[in-house]
Amino acid sequence: GNYLPALNAAERLLHSNTYGSCILSLFFLSDGKPSDKISMVMTDRKITHIPLIQNRVNDLASRFGRRLSVVTVGFGGPNEDFSVLEDIANRAAQFDSNGRFYAAHLKVEALGTAFASVATSLKQTRVELTTTGGSSQRAVHDVRRRAKNAIGLDLFPNKQNWYTYEGKSWDGVRLVYSHKNPKDQKFKPMPPLHPNAFGVALDKKFFGEGAERLVREFREIGKNQKFIGPKLVAKESRFQMDVSNTDRKEIERFHKTFCDTQERA
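Cut-offs and rules
- Residues numbered from 1 in each chain as written.
- Predicted model: local features only at pLDDT ≥ 70, side-chain atom pairs only at ≥ 80, totals over all residues.
- Heavy atoms only, no water.
- Helix = DSSP H or I, 4+ residues; strand = E, 2+ residues; numbered from the N terminus.
- Buried < 20%, exposed > 50% of the residue type's maximum accessible area, 1.4 Å probe, protein only.
- Polar contact = N/O pair within 3.5 Å; in protein donor to acceptor, adjacent residues only side chain to side chain.
- Contact = heavy atoms within 4.5 Å.
- Expected span 1.5 Å × (residues − 1).
- Pairing = 2+ DSSP bridges.
- Axes fitted to C-alpha atoms, helices over the stretch in contact; angles between N-to-C directions.

1. Overview of the side chain of R146
And step 1. Note that R146 resides in the loop between helix 4 (108-129) and strand 6 (162-166).
And step 2. You can call R146 buried: its relative accessible area is 14%.
And step 3. At 2.8 Å, the side chain of R146 forms a polar contact with the side chain of D203.
And step 4. Leave out the neighbours within four places in its chain, and R146 touches Q94, F95, N161, D203, K205, F206 and F207.

2. Digging into helix 2 (residues 49-64)
And step 1. The terminal C-alpha atoms of helix 2, which comprises 16 residues, lie 23 Å apart, in line with the 22 Å expected from a rise of 1.5 Å per residue.
And step 2. Of all the positions in helix 2, only H49, I53, V57, N58, L60, A61, S62 and F64 are classed as buried.

3. Quick word on unusual backbone geometry
And step 1. With phi around 75 degrees, D96 is a residue other than glycine that occupies positive phi space.
And step 2. Along the chain, D96 turns up in the loop between helix 3 (83-94) and strand 5 (98-103).
And step 3. On the basis of relative accessibility, which here comes to 18%, the residue D96 falls in the buried class.
And step 4. For Q225, which is not a glycine, the phi torsion comes out positive at approximately 65 degrees.
And step 5. Residue placement: Q225 occurs in the loop between strand 11 (213-221) and strand 12 (227-237).

4. Regarding the pairing of strand 1 (residues 24-30)
And step 1. By the alternation rule, side chains of strand 1 split into L24, L26, F28 and S30, which are all buried, and S25, F27 and L29, of which none is buried.
And step 2. For strand 1 and strand 4 (residues 68-74), the ladder comprises seven bridges, and the chain directions are parallel. Within strand 4, the residue paired with L24 across the bridge is L68.

5. Some remarks on the side chain of N161
And step 1. Counting through the fold element by element, N161 comes out in the loop between helix 4 and strand 6.
And step 2. According to the relative accessible area criterion, N161 is buried, its value standing at 18%.
And step 3. Of the polar contacts made by the side chain of N161, one reaches the side chain of D154; its length is 3.4 Å.
And step 4. Apart from the residues within four sequence positions on either side, N161 is in contact with R146, D154, L202, D203 and K204.

6. Some details on the environment of P78
And step 1. Looking at where P78 falls in the secondary structure, it is placed in the loop between strand 4 and helix 3.
And step 2. Expressed as a C-alpha distance, the spacing of P78 and I53, which sit 25 residues apart in the sequence, is 23 Å.

7. What to know about the sheet that holds strand 1
And step 1. The three strands are arranged 1-4-5 in an open sheet whose pairing can be described as parallel. A strand with exactly one partner marks an edge of an open sheet, and here the two such strands are strand 1 and strand 5. Within the sheet, the average angular offset between the axes of one strand and its neighbour, ignoring direction, is 10 degrees.
And step 2. As paired strands, strand 4 and strand 5 are joined by six bridges and run parallel to one another. Across the sheet, the residue bridging to T72 is F101, located in strand 5.
And step 3. Each of strand 1, strand 4 and strand 5 is contacted by helix 3, which is oriented at about 165 degrees to strand 4, the strand it contacts most.

Structure follows, in structure tokens:
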């Protein structure tokens, strides 16, 4: 079948819902490899339908992340080529979407297993988005995600992928918290990890997404605009109600709870 028209239709439907609290699912069923007949010439190379399919899946998974379940099913004979279907599911998983591939091989039981996995994934996501002690759904912060296999590839903080804070836009300190001393539970200003740090860089996209928090790359940078010191990560809440809160005390309270949890884990 033609994969691209199906993915284009799915993209329109998924983007038509602008509510960050909505649980999303994409179920893709095919009896073999794509039969799209698309070919374009860009500069000195030829672009076929395969990279177009890959880019469409990357865009969807980067936009919706863990909120999106992508199940692909190959419902054909044992000699059919389902490699593209498998790649679609694997690509979605690179962005923390719930990506799964099933080779049903014309077996109704296997097809039933695939449908059951969709129901399980939707239920799990609904639990994650439900407010603690309540029944309302929490809206996920609208961000873009980076594939896990693209982590750590940048050698310097290029403006396309990174926010940078240096010189006058950076106060030159980091806040360190420890709950070991009950009488002294507060954030303390400390110098940077690297003595030659002139600023910090924050990745514009997130590479990890848990039930409560998003994670992205974070580095100290020197005067030569190159990364220095250890590789770091920055974490923040997945949910709009936390991110929209700009009160300094509330922000510190949020991170204090996170630090306490991490240190006890």
